[in-house]
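# Structure at a glance
Below, each chain spelled out in residue letters.
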Amino acid sequence: MEKSSEISKTSLVGITRVELSAALRRLGVPDKQLRMRVNQIWGWLYAHGVREIDQMTNIARDLRESLAAHFSLARLELADAQHSDDGTRKYLFRLDDGQLVETVYIPELDRGTLCISSQVGCTLTCRFCHTGTQKLVRNLTAAEITGQMVAARDDLQDWGGGPQSNSGHRKVTNVVMMGMGEPLYNSDHVADALNVMSDGDGLSLSKRRITLSTSGVAPEIPPMGEKTGVMLAISLHAVADELRDELVPLNKKYPIAQLLDACRNWPGLSNAKRITFEYVMLKNVNDSDADARALVKLLAGIPAKINLIPFNPWPGAPYQCSDEERMQAFADIVNRAGYASPVRRPRGRDIMAACGQLKSASVKQSAAEKKKAELAQRILGR
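As a starting point, this report considers the structure included with it. For every chain, the first residue of the written sequence is number 1, and numbering continues from 1 onward in sequence order. The predicted origin of the model limits local features to residues at a pLDDT of at least 70 and limits the giving and counting of side-chain atom pairs to 80 or more, whereas totals for whole chains, interfaces and linings rest on all residues. Note: side-chain values were computed over all heavy atoms of the structure, leaving out hydrogens and water.

So, about the overall build of the chain. Helix and strand counts for the chain come out as 13 helices and 13 strands. For the exposure calls, accessible area comes from a 1.4 Å probe over protein chains only, and a residue counts as buried if that area is under 20% of its type's maximum, exposed if over 50%, partly exposed in between. The buried share among the 382 residues of the chain stands at 51%. Across the chain, the fraction of contacts at a sequence separation of at least 24, relative to all contacts at a separation of at least 6, is 67%. For the chain, the accessible area works out to roughly 17900 Å², and carbon and sulfur atoms hold 49% of it. Per the convention used, a helix needs a DSSP run of H or I reaching at least four residues, while a strand needs a run of E reaching at least two, with both numbered from the N terminus. For this analysis, residues touch if any pair of their heavy atoms sits within 4.5 Å. Shrake-Rupley sampling with a 1.4 Å probe provides the accessible areas, and residues are treated as covered by the protein chains on show and by no other component.

Here it is in structure tokens:
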């Protein structure tokens, strides 16, 4: 009974300041105390990562008891975790409604990047992307988006003792909204989550270390920049509308010219705040010298970095990765034009955690398998 009552409580993990203030007001906290209490609880949630409300020791016992009666600090349920030979970790989280979503942690010498999902499945159908073969189920809430970072920091034992130590020697130093889903088709929840992550009194990530990646929902790009102040990445992948229509069908609605106009209106755009253009390298599709020269011409005047991404294969994929020599020749042309254009080293391929490979296990079972599993669960529950 105790366990089921805990499950029914709303978790404070992932909550925004506005939501936390409203919750405390409903519990009877006087308005003159609200700011102080929000700051205290915020620090416990996001700087210390406490797991029990009773650990919030600078909060009066009666308020802790009231909080515990109505709320929990429950995390996203970890359904599975896989560790790659290169140190990459892929987490499969089960949400309250049973849906599954994937998150990836990529450790490097100078940083640790967490790749976070914004939707269960994806509304887009990019031909080179495994996630795009999974239909959209629903948007994630702001709490579910933020909750991926909290749960990853739990697993990595990555909590400090406060904002100062929290920003010193972290394992998660960067966040990229490049997991499952199109973030700008869930813009309000994504903005709320990113603002929680960048709050200096909690998770305290620098806005320059948070990158939102979009396939090109052009009208939502400048407003998201105003709401969050984070960095922007564009999944470009082609230099002409005809090919991009095929690779990224969203291009039919928002063609390249409209997309680049939106990029030019990204708030704070400068050499210090460049836009990253992601370009997946597809053999004999978009990897010629002519494509490289066209890419340079296309982005002229936009402060930019170009990430060249070796195509990461998945079962049934219609493309192959460009050869190493071809990728290097492409990169050399872009580099000579003055753009940083690293060829990104694939990470987590052995556990299907690399760029474009995410697809939650919720769609890997056939309908018959799911029915069989549900029947077994009912029998075991008797």
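Past the structure itself, the notes keep going.
What follows is about the nonpolar core. Among buried residues, the Ala, Val, Leu, Ile, Met, Phe, Trp, Tyr and Cys ones that are joined through side-chain atoms within 4.5 Å form a nonpolar core. Judged by nonpolar contacts, the single largest core of 98 residues is most densely connected at Met-149, Met-197, Leu-212, Phe-277 and Leu-295. The residues touching Met-197, leaving out its near neighbours within four places in the chain, are Ile-116, Ile-145, Thr-146, Met-149, Val-175, Leu-203, Ser-204, Leu-205 and Ile-210.

We now examine the side chain of Thr-103. With respect to the secondary-structure elements, Thr-103 resides in strand S5 (residues 100–107). N or O atoms within 3.5 Å of each other form a polar contact, as long as, within protein, one can give a hydrogen and the other can take it, and as long as residues adjacent in sequence are counted only when both atoms are side-chain atoms. Side chain to side chain, Thr-103 and Gln-148 meet in a polar contact 2.6 Å long.

Backbone hydrogen bonds hold the strands of a sheet together, and the pairing may be parallel or antiparallel. One requirement defines pairing of two strands: DSSP has to find at least two bridges between them. Spatially, the nine strands line up as an open sheet ordered S3-S4-S5-S6-S9-S10-S11-S12-S13, and their pairing is mixed. In this open sheet, the two strands that pair with only one neighbour each are strand S3 (77–83) and strand S13 (304–310). Here the strands of the sheet are splayed against their neighbours by 20° on average, with no regard to which way each runs. Note that strand S12 (residues 275–281) and S13 share seven bridges and pair parallel. Residue pairing in the sheet places Phe-277 in a bridge with Ile-306 of S13. The strands touched by helix H5 (residues 142–156) within the sheet are strand S4 (89–94), S5, strand S6 (112–115) and strand S9 (174–177), with S4 carrying the most contacts at an inclination of about 125°. Only the stretch in contact is used when fitting a helix axis, every axis being a line fitted to C-alpha atoms; angles between N-to-C directions are given from 0 to 180 degrees.

Here we take up the side chain of Gln-119. Structurally, Gln-119 can be placed in strand S7 (residues 119–120). A relative accessible area of 1% means that Gln-119 is categorised as buried. Engagement of the side chain of Gln-119 in a polar contact is seen with the side chain of Asn-139, the distance being 2.8 Å. A polar contact of 2.9 Å, which involves the side chain of Gln-119, links it to the backbone nitrogen of Glu-182. Leave out the neighbours within four places in its chain, and Gln-119 touches Val-101, Leu-136, Arg-138, Asn-139, Leu-140, Met-180, Gly-181, Glu-182 and Tyr-185.

It is possible for side chains bearing opposite charge to pair when their charged atoms get close. In what follows, salt bridge is the name for a side-chain nitrogen of Lys or Arg lying within 4 Å of a carboxyl oxygen of Asp or Glu. Evaluation of the coordinates by the stated rule reveals 18 salt bridges. Here Asp-54 and Arg-61 are joined by a salt bridge, their closest N and O atoms 3.7 Å apart. Here Asp-188 and Lys-227 are joined by a salt bridge, their closest N and O atoms 3.2 Å apart. Taken as a pair, Asp-188 in helix H7 (residues 187–197) and Lys-227 in helix H8 (residues 221–228) lie far apart in primary sequence, 39 residues in all. On the accessibility criterion, Asp-188 (52% relative accessible area) is exposed. Its relative accessible area of 38% is what places Lys-227 among the partly exposed residues. Through salt bridges with shared partners, one network takes in Arg-17, Asp-199 and Asp-201.

Topologically, Arg-208 is positioned in the loop between H7 and strand S10 (210–214). It is 8.3 Å that separates the C-alpha atoms of Arg-208 and Gly-229, two residues lying 21 residues apart in sequence. Setting aside residues up to four positions removed in sequence, Arg-208 forms contacts with Met-231, Ala-272 and Lys-273. In this structure the side chain of Arg-208 is engaged in a polar contact, spanning 2.6 Å, whose partner is the backbone oxygen of Ala-272.

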